[in-house]
Amino acid sequence: MSYRDPDRKGMDNTGCVEYGAKLDHYEWTQTRTEVTCTILKENWPKDLWDFDARPLKSQNLDIKLTLTAISVGIKGKSQVLFAGDFPNRINTDDSTWTWDKETNTLEFTLQKDMTVHDSENPWWASFITSDEKIDVDLIEGSKYLDVSLLRKIKAQKEEKKKEEAAAKAAAEAAAAQGEEEKKAEE
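All figures in this text were calculated on a predicted structure; none of them were measured in a lab.

Chemist: Explain the pattern of salt bridges to me, and be specific about the residues and the numbers.
Modeler: Under the definition given, this model contains three salt bridges. For Arg-89, the salt bridge is made with Asp-113, and the minimal N-O distance between the two is 3.5 Å. Taken as a pair, Arg-89 in the loop between strand S8 (80-85) and strand S9 (90-100) and Asp-113 in the loop between strand S10 (105-112) and helix H1 (136-141) lie far apart in primary sequence, 24 residues in all. Residue Asp-113 is classed as buried on the basis of its relative accessible area, which comes to 11%. Among the salt bridges present, the one from Lys-161 reaches Glu-132, with a minimum N-O distance of 4.0 Å. Placement of Lys-161 in helix H2 (residues 147-185) and of Glu-132 in the loop between S10 and H1 is noted, with a sequence separation of 29 residues between them.

Chemist: Tell me about the nonpolar core, and name the residues and values.
Modeler: With 33 residues, the main nonpolar core has Ile-39, Trp-44, Phe-82 and Phe-127 as its most contacted residues. Counting only elements with at least two residues in this core, the list comes to strand S5 (34-39), strand S6 (61-65), strand S7 (69-74), S8, S9, S10 and H1. Among all residues touching Phe-127, those that are not within four sequence positions of it are Tyr-26, Trp-28, Val-35, Cys-37, Ile-70, Phe-82, Asp-85, Phe-86, Pro-87 and Leu-110.

Chemist: Please provide a residue-by-residue account of the sheet that holds S9, values included.
Modeler: If you walk across this open sheet you meet the five strands as S3-S4-S5-S10-S9, and the pairing is antiparallel. Where the open sheet ends on each side, the last strands, each with one partner, are strand S3 (21-22) and S9. Relative to S5, strand S4 (residues 27-30) runs antiparallel, the two being bridged by four bridges. Within S5, the position partnered with Trp-28 by the bridge is Cys-37.

Calculation criteria
- Here the residue index of a chain counts from 1 through its sequence in written order.
- Local features in this predicted model are restricted to residues whose pLDDT is 70 or higher, and side-chain atom pairs enter the listing and the counts only when it is 80 or higher, whereas totals over whole chains, interfaces and linings include all residues.
- To get the side-chain values, all heavy atoms of the structure are used, and hydrogens and water are removed first.
- Think of a salt bridge as a Lys or Arg side-chain nitrogen and an Asp or Glu carboxyl oxygen that are within 4 Å of each other.
- Think of it this way: any DSSP run of H or I at least four residues long counts as a helix, any run of E at least two long counts as a strand, and we number them from the N terminus.
- Accessible area is worked out with a 1.4 Å probe on protein chains only. A residue is then buried under 20% of its type maximum, exposed over 50%, and partly exposed in between.
- Among the buried residues, those of types Ala, Val, Leu, Ile, Met, Phe, Trp, Tyr and Cys that are joined through side-chain atoms within 4.5 Å form a nonpolar core.
- Contacts are residue-level and defined by heavy atoms, with any inter-residue pair within 4.5 Å sufficient.
- Being paired, for any two strands, means DSSP has found at least two bridges between them.

Structure follows, in structure tokens:
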């Protein structure tokens, strides 16, 4: 049984490999040649746009898309929903964005600039360079590893993340307790 989905151009569909991420303000995914970013209504700060008061239209959007960066906001407002640099260049002529007024969803489909990318490893670790990174090595490894090994690697990485988070929380708690004891002594 094959775990490859022909419609996703050879990408793994076992759930073991992440080709993108779901973040607070958007979610994104990718293929070898394009990146898709989706921003749902729930991800917009209420002070940026109040959907209950009036519907958002595409002409209200202030979207700046360059070879290396993106900015999403509302015309006439200084606050932006998000902005940042891409990890690699895109082809702006073949990249698009759409606003679905029925579902209040903004979606970007960006074509990777394959003339600049390393054709052997075109994967982006993040949509915006300052955001959380995914493991692109696991994407490449998924071509050669079986599902059980991929699941084991993913479980090990998740366990390591949990341990690091627990250690950070413990260190913060100890620091806070130390501050309290110091104040009590004074």
